[in-house]
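Chain and residue survey
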Amino acid sequence: MKNLCSFLIFSLCYLNTIAQTNWTNKNHFEQKSFIENKGQNDFDTLPNHQTALFTANIDGVIYFFTKSGYTIIHTERQKLSNEELDRIEASKKNENEAEERVKYKIVKKYHELKWLNSNPQVEIISENKVDNYYSYSNLKSTDKKGTIIAHAYKKIIYKNIYPNTDIQFEFPKDSTGIKYSIYLYPGADVEKIKMIFPNEKFSFNKSNDLEIASEFGDIIDHKPSSFIADSKTKIKSNFKITENQVGFEIDKSKTNQTVVIDPWVTCPPTGGVNGAYD
């Protein structure tokens with residue numbers, strides 16, 4: 001009987017070890033999905049003052065998708081300067097206040113991509129709903145004790161952002177960053193597609209990737225790989241810089257067919273501030 005009990009305890013411990021191994025999550029805060037904004041992000045102020053329709057938290061930054069593009073926010077902790085510490089010290093009301101003061105501040109840095117002259121009535125649809133959902137405190141409720149339930153998806157599509165043109169966002173399977181695909185249907189004009197990055201400089205690197213100098217590091221928009229949608233036949237394509245705008249060049253002999261322009265974006269490694277999620 002003693003041997004049987006020992007065997008059962010060993011078996012349970014062994015099975016528990018296997019279960020723990022199989023369910024290891026190396027990044028608890030990364031959300032490779034597009035979370036709908038049901039009001040939980042209305043307090044996040046974006047430089048363009050638009051409202052986020054979806055968000056994604058990956059690579060240490062948060063993407064906020066609006067009707068005209070997206071804004072990336074990187075939140076970091078910076079040490080207060082001596083002048084700032086002196087101002088805090090001088091603002092003490094009495095000597096009984098806590099001696100230990102906060103020595104750091106939270107700073108937000110931004111990167112914005114805007115689709116220039118795009119359709120203001122663009123429809124953004126979501127696909128491939130994930131099983132889990134996200135819950136947030138409803139700060140708009142009277143007692144601030146309400147709960148917001150937001151669902152998440154693996155793909156979002158900007159329908160007719162330009163005439164006969166869709167832009168689809170999803171996550172690369174074997175890489176970091178976000179991948180966007182531009183679908184040019186017959187009748188689409190690739191010359192209409194323009195990206196701008198307000199207040200940021202950009203240039204080509206040796207690989208003909210687009211490098212954008214953001215406040216928190218260089219963001220890489222990788223050279224597009226383009227193809228015919230039906231046959232998957234590859235066609236020539238490149239970024240095209242005109243003054244402060246970025247567009248695309250493709251083989252125009254193929255424009256009577258649906259063409260997919262397929263770049264992807266990666267951000268520099270960051271150590272962002274993580275919060276707890278339900």
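To keep things clear, this report deals only with the structure shown in the data block. Everything numeric here is computed off the predicted structure, so don't read it as measured data.

Counting across every chain of the model gives 14 aromatic pairs. Ring geometry for Y63 and F65: centres 6.1 Å apart, planes at 15°, overall stacked. Pair check on accessibility: Y63 and F65 agree, each one buried.

Before going further, it helps to spend a moment on the environment of Q245. Tracing the backbone shows Q245 in strand 17 (residues 245-250). Exposure remark for Q245: the relative accessible area of 22% places this residue in the partly exposed category. With 130 residues separating them along the chain, Q245 and W115 place their C-alpha atoms 9.8 Å apart. What Q245 contacts, discounting residues up to four positions off in sequence, is L116, K194, M195, I196, F202 and K240.

A negative phi angle is the norm for most residues apart from glycine, just as the trans form is the norm for most peptide bonds. We note that N160 has phi near 55°; this positive angle belongs to a residue other than glycine. Along the chain, N160 turns up in strand 7 (residues 146-162). The partly exposed category is assigned to N160, whose relative accessible area is 42%. The backbone of N199 shows a phi angle near 65°, a positive value even though the residue is not glycine. Mapping N199 onto the fold places it in the loop between strand 10 (195-196) and strand 11 (201-204).

Glancing now at the pairing of strand 2 (residues 54-58). Among the 5 residues in strand 2, 5 count as buried, and that is most of the element. Here strand 2 shows no split at all, with F54, A56 and I58 on one side and T55 and N57 on the other all buried. Of the pairings in the sheet, the one linking strand 2 to strand 3 (residues 61-66) comprises 5 bridges and is antiparallel in character. The residue bridging A56 from the neighbouring strand is Y63, located in strand 3. A loop of 2 residues connects strand 2 with strand 3, the two strands running antiparallel in sequence, and D59 in this loop sits at a positive phi of about 55°.

Parameters at a glance
Each chain has its residues counted from 1, running along the sequence as written. Reporting of local features is limited, given that this is a predicted model, to residues whose pLDDT is at least 70; pairs of side-chain atoms are given and counted only at 80 or more, and all residues count toward the totals for whole chains, interfaces and linings. Heavy atoms from the whole structure form the basis of all side-chain values; hydrogens and water molecules are not counted. Any two of the Phe, Tyr and Trp rings considered here, Trp counted by its six-membered ring, make a pair once their centres fall within 6.5 Å; the pair's planes then place it as stacked at under 30 degrees, edge-to-face at over 60, or tilted in between. Categorising residues by exposure relies on relative accessible area from a 1.4 Å probe, with only protein chains included: less than 20% of the type maximum marks a residue as buried, more than 50% marks it as exposed, and the intermediate range marks it as partly exposed. Elements are defined by DSSP. Helices are runs of H or I of four residues or more, strands are runs of E of two residues or more, and each kind is numbered from the N terminus. Contacts: residue pairs with any heavy atoms within 4.5 Å of one another. Any two strands with at least two DSSP bridges between them are considered paired.

The values reported here are purely geometric and, on their own, carry no functional implication.
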